[in-house]
Protein chains: 2
Amino acid sequence: MARPSVREQLIEAGLQTLHRHGFNGTGVQDITDAAGVPKGSFYNHFESKEALALEALERYWQNGAARRAQLSDTSVDPVERLRRFFRGLSDLAIRQNFQTGCMIGNFSAELSVQSKEVRDRLAEIYAAWSRAIESCVREAEKAGRVQPRLPAATIATFLVNAWEGAVLRSKVEQDKSPFDQFERVVFASIFA
Amino acid sequence: MARPSVREQLIEAGLQTLHRHGFNGTGVQDITDAAGVPKGSFYNHFESKEALALEALERYWQNGAARRAQLSDTSVDPVERLRRFFRGLSDLAIRQNFQTGCMIGNFSAELSVQSKEVRDRLAEIYAAWSRAIESCVREAEKAGRVQPRLPAATIATFLVNAWEGAVLRSKVEQDKSPFDQFERVVFASIFA
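Note that this is a predicted model, so its numbers are computed, not measured. (Residues numbered from 1 in each chain as written. Chains lettered and ligands numbered in written order. Predicted model: local features only at pLDDT ≥ 70, side-chain atom pairs only at ≥ 80, totals over all residues. Heavy atoms only, no water.)

Enquirer: Tell me about the interface of chain A and chain B, residues and numbers included.
Expert: Each side of the interface is counted separately: chain A has 46 residues, and chain B has 46 residues. Summed over both sides, the interface between chain A and chain B buries roughly 3,800 Å², with carbon and sulfur atoms accounting for 67% of that surface. Per-residue buried area on chain A facing chain B is highest for A:F158, A:R169 and A:V172; these three make up 18% of the total on that side. Joining chain A to chain B, the criterion identifies 0 salt bridges. Where chain A meets chain B, there are 6 residue pairs in polar contact (both at pLDDT 80 or more). Taken together, the elements giving at least two residues each to the side of chain A that touches chain B come down to α7 (103-111), α8 (116-142), α9 (152-173) and α10 (177-189) of chain A. Of the residues forming the side of chain A that touches chain B, the biggest block, 15 residues, is contributed by α9(A). Split by residue class, the side of chain A that touches chain B holds 23 nonpolar, 16 polar and 7 charged. (Contact = heavy atoms within 4.5 Å. Buried area = accessible area lost by both parts, 1.4 Å probe. Salt bridge = Lys/Arg side-chain N within 4 Å of Asp/Glu carboxyl O. Polar contact = N/O pair within 3.5 Å; in protein donor to acceptor, adjacent residues only side chain to side chain. Helix = DSSP H or I, 4+ residues; strand = E, 2+ residues; numbered from the N terminus. Nonpolar A, V, L, I, M, F, W, Y, C, P; charged D, E, K, R; others polar.)

Shown next as structure tokens:
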């Protein structure tokens, strides 16, 4: 088996360290140490820490592709699909002991003002994520399962944002109760 | 009029810089520069940047006291009180051009793992904030205005978290639409 390239090692190490310690809490040396490569090699592969952060964010987002694909599995009831999707994210946070939160939310808080490039990519990611949720909401709507008479896009965006807020709170509580509260309220008030 | 003390200048400067640039994105020198005091004076007043961050967070939270007090103004309809409260927060974010977000949310993302002291204080703040919202939800419930049959505390915590998520998204979008979506969904699905 071929050894992963240094670039690949840096992306994986960047994903882990930036996710856990944040952008400004992580130095280039922390990333090269985690990757087990000499510090000097970093700039052979990335122009800046920001450039690596964009790649790490991309990797983080792509790692969720299979989970998001389940949102379009029309063999499952759309409301149930949404419930399973958010439960899957909750299970992931539990497995990570609430130590990382969501990289998308973390970067939103930390980098929206500092990096226009990161902010622009975050906006695209949120939009894509919201569209994936929206398609489920739309199906649920057709089945008469959505209580408020609002555009599916509005509800979907709200759900994504409310989820990110629950993740923030779970980092503080070090506990899954914010996810349970999200599930209880959303599936009692928005969906029938 | 007495000049503000150096300690007071540092807290105000810390509030501004930490709120805008985050904890790890702000150096002690950035804070002393913003306060217009010599860097050497910092450690006469604060043991560490973390100690100042706790004071700045406290100041941030106290600055919202008058706004939160309106939540217990029983001369106003409780649902309307909640709507006004969140609109007030939205107006504040608009006035700040979405450049800062909420310091509570920002610190949740950045410092929950890094600082146990900050995390503990955030947990208390969230709990107090949720209780203030809860009292309104309970009144609304008594008036038959709450649609889901769930404990008022669950709904209140959900609202606080969903709000924080909307603030995150507004930093990315640089736009108030996440607040409008929050208002539309919450006041169409949870409250009657």
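Enquirer: Which residues make up the pattern of salt bridges, and what are the values?
Expert: All names here are of chain A. Under the counting rule described, the total for this entry stands at 30 salt bridges over all chains. Salt-bridge contacts for E80 lead to R84; the nearest nitrogen and oxygen are separated by 3.2 Å. Separated by 4 residues within a single helix, E80 and R84 lie in helix α6 (residues 78-95), roughly one turn from each other. Owing to a relative accessible area of 28%, E80 belongs among the partly exposed residues under this scheme. (Buried < 20%, exposed > 50% of the residue type's maximum accessible area, 1.4 Å probe, protein only.)

Enquirer: Before we move on, can you summarise helix α9 (residues 152-173) of chain B with the specific residues and values?
Expert: All names here are of chain B. Its 22 residues give α9 an end-to-end C-alpha distance of 31 Å, which sits within 8% of 32 Å, the value for a rise of 1.5 Å per residue. The element α9 is extensively covered by neighbouring structure, given that 20 of its 22 residues are classed as buried. Where α9 ends, the next residue or the one after it, Q174, has phi of about 55°, a positive value. (Expected span 1.5 Å × (residues − 1).)

Enquirer: Help me get a handle on the nonpolar core, residues and values and all.
Expert: Within the largest apolar cluster, 123 residues are counted, with the highest numbers of intra-cluster contacts made by A:I133, A:L159, A:F191, B:I133, B:L159 and B:F191. Leaving out residues up to four positions away in the same chain, B:I133 has contacts with B:L71, B:L82, B:F85, B:F86, B:A156, B:L159 and B:V160. (Core = buried A, V, L, I, M, F, W, Y, C linked by side-chain atoms within 4.5 Å.)

Enquirer: Give me the relation of the copies chain A and chain B: which residues, what numbers.
Expert: Once turned by 180° and shifted 0.0 Å along the axis, chain A lies on chain B with an RMSD of 0.0 Å. Look at the turn and shift together and you get a two-fold axis relating the two. Of all interface residues in chain A, 100% are interface residues in chain B too; the two copies therefore contact each other through one and the same surface. (Least-squares fit on C-alpha atoms with pLDDT ≥ 70 in both.)

Enquirer: So what's going on with helix α2 (residues 28-35) of chain A? Residues and values would help.
Expert: Each α-helix winds once per 3.6 residues, and so residues spaced three or four apart point in a common direction. Residue and element names in this part refer to chain A. Taken as a whole, α2 has its buried residues at V28, I31, T32 and A35. Looking straight down α2, one finds its buried side chains confined to an arc of 95°; they lie on one side. For α2, the elements touching its buried residues are α1 (6-21), α3 (42-45) and α4 (49-63). Looking one or two residues past α2, G36 carries a phi angle of roughly 70°, positive in sign. (Arc of directions from axis to C-beta.)

Enquirer: Talk me through the domain arrangement of chain A; I want residue IDs and the actual numbers.
Expert: Residues and elements named next belong to chain A. Looking at the assigned domains, one finds that chain A contains domain 1 (6-56) and domain 2 (65-189). Here domain 1 and domain 2 have C-alpha centroids that lie 27 Å from each other. Taken together, the contact between domain 1 and domain 2 spans 12 residues of the former and 14 residues of the latter. Here domain 1 and domain 2 share an interface that buries about 1,100 Å² over both sides, 58% of which is from carbon and sulfur atoms. When the buried area of domain 1 at its contact with domain 2 is split by residue, H19, R20 and L54 rank highest and sum to 49% of it. (Domains from an automatic or database assignment.)

Enquirer: Explain the UniProt feature "DNA-binding region" (unreviewed entry) in chain A to me, using residue names and the numbers behind them.
Expert: The feature "DNA-binding region" (unreviewed entry), as given by UniProt, occupies residues 27-46 of chain A in the numbering adopted here. Between the C-alpha atoms that bound residues 27-46 of chain A there is a distance of 14 Å. The span itself is 60% helix and 0% strand. (UniProt positions renumbered as here; feature names shortened; annotations may be inferred.)

Enquirer: I'd like a description of unusual backbone geometry, backed by residues and values.
Expert: All names here are of chain B. Residues other than glycine seldom take positive phi values, yet F98 does so here, at roughly 60°. Inspection of the secondary structure assignment puts F98 in the loop between α6 (78-95) and α7 (103-111). Residue Q174 is not a glycine yet carries a positive backbone phi of 55°. Here Q174 lies in the loop between α9 and α10 (177-189). A relative accessible area of 25% places Q174 in the partly exposed class.

Enquirer: Report on the packing of aromatic side chains, specifying residues and quantitative values.
Expert: Tallying each qualifying case throughout the model produces 21 aromatic pairs over all chains. When the centroid spacing of 4.8 Å and the interplanar angle of 20° are considered together, the rings of A:W163 and A:F179 count as stacked. Placement of the pair is A:W163 in helix α9 and A:F179 in helix α10, with a sequence separation of 16 residues. Here A:W163 and A:F179 have matching classes, each one buried. Lying across the ring of A:W61, A:R68 places its NZ or CZ 3.3 Å from the centre. Over the ring of B:F23 we find B:K49; its NZ or CZ atom is 4.2 Å from the centre of that ring. (Phe/Tyr/Trp six-rings, centres within 6.5 Å; stacked < 30°, edge-to-face > 60°. Lys NZ or Arg CZ within 6 Å of the ring centre and 35° of its normal.)

Enquirer: For the side chain of A:T154, give the residues involved together with the corresponding values.
Expert: With respect to the helices, strands and loops of the structure, A:T154 is situated in helix α9. A:T154 sits in the buried class, given a relative accessible area of 8%. Leaving out residues up to four positions away in the same chain, A:T154 has contacts with B:Q181, B:R184 and B:V185.

Enquirer: Help me get a handle on the packing of α9(A) against α10(B), residues and values and all.
Expert: The geometry of α9(A) relative to α10(B) is characterised by a closest axis approach of 9 Å and an angle of 105° between their N-to-C directions. The pairing of α9(A) with α10(B) is recorded here as roughly perpendicular in orientation. Residues A:T154, A:I155, A:T157, A:F158 and A:N161 of α9(A) lie in contact with α10(B), whose contacting residues are B:P178, B:Q181, B:F182, B:R184, B:V185 and B:V186. Class assignment of the residues belonging to the contact of α9(A) with α10(B) gives a composition of 6 nonpolar, 4 polar and 1 charged. (Axes fitted to C-alpha atoms, helices over the stretch in contact; angles between N-to-C directions. Parallel < 35°, antiparallel > 145°, perpendicular 65-115°, else oblique.)

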